[in-house]
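What follows is the residue order along each chain.
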Amino acid sequence: MFKKISFPEHEHESIQNYLDRLGYCYTTRVYKEVGKYKVGESYTTPWGDVLKIDEVKTYWKVSDRPFYDEMSDDEKLEIRKYSEDMGLPYEFIKFSKSTV
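Residues numbered from 1 in each chain as written. Predicted model: local features only at pLDDT ≥ 70, side-chain atom pairs only at ≥ 80, totals over all residues. Heavy atoms only, no water.

A. Quick look at the overall build of the protein chain. Tallying secondary structure elements over the protein chain gives two helices and five strands in all. The order of helices and strands in the protein chain, counted from the N terminus, is β-α-β-β-β-α-β. Relative to the globule expectation of 13 Å for 100 residues, the C-alpha radius of gyration of the protein chain, 13 Å, shows essentially globular dimensions. By principal-axis analysis of the C-alpha atoms, the protein chain measures approximately 40 × 25 × 20 Å. A burial count over the protein chain gives 32% of its 100 residues as buried. (Helix = DSSP H or I, 4+ residues; strand = E, 2+ residues; numbered from the N terminus. Rg over C-alpha atoms; globule rule 2.2 N^0.38 Å. Buried < 20%, exposed > 50% of the residue type's maximum accessible area, 1.4 Å probe, protein only.)

B. Seen up close, the layout of surface pockets. Its volume calculated, the largest pocket comes out at about 900 Å³. Taken together, 26 residues line the largest pocket, and the ones lying closest to its centre are Glu-11, Tyr-26, Thr-27, Arg-65 and Glu-75. Residue assignment for the lining of the largest pocket shows that the elements contributing at least two residues are α1 (12-22), β2 (24-30) and α2 (73-81). Looking at which element gives the most residues to the lining of the largest pocket, the answer is β2, with seven residues. By residue class, the composition of the lining of the largest pocket is 14 nonpolar, five polar and seven charged. (1 Å grid on protein atoms, 1.4 Å probe; cavity = no way out; pocket = protein on both sides within 12 Å on 5 of 7 lines; lining within 4 Å. Points joined across faces, edges and corners; volume = space filled by probe spheres on them. Nonpolar A, V, L, I, M, F, W, Y, C, P; charged D, E, K, R; others polar.)

C. Representation of the packing of aromatic side chains within the structure. Applying the stated criterion across every chain yields a total of nine aromatic pairs. Centre to centre, the rings of Tyr-26 and Phe-92 are 4.8 Å apart; their planes meet at 10°, and the pair counts as stacked. Remark: Phe-92 occurs in strand β5 (residues 90-97) and Tyr-26 occurs in strand β2; sequence separation between them is 66 residues. Members of the aromatic cluster, connected to one another through ring pairs, are Tyr-24, Tyr-26, Phe-67 and Phe-92. When the ring centre of Tyr-18 is taken as origin, the NZ or CZ atom of Arg-21, which lies over that ring, is 5.0 Å away. Sitting above the plane of the Tyr-24 ring, Lys-94 keeps its charged end 4.5 Å from the centroid. (Phe/Tyr/Trp six-rings, centres within 6.5 Å; stacked < 30°, edge-to-face > 60°. Lys NZ or Arg CZ within 6 Å of the ring centre and 35° of its normal.)

Below, the structure written as structure tokens:
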């Protein structure tokens, strides 16, 4: 049995579209979820897919995040609130559909 990975419900369709179109997607994890997801491990999604963690990178400043210019101001503020403003790192995680 795989551990679970969660996403905000309003992101489910977008994530599935990226996975179908590109074969991979990214997520940002802050605060209590830093260190939770490990490269090479698989996790089940709320919609029933199994995802494999391909890459985990740790950052301390929101402005260092890949695709920073594509983020909305709200997304930047949310990540900053639970990482940079608290003096904590956050993780930028690449994942793909697992073939397990």
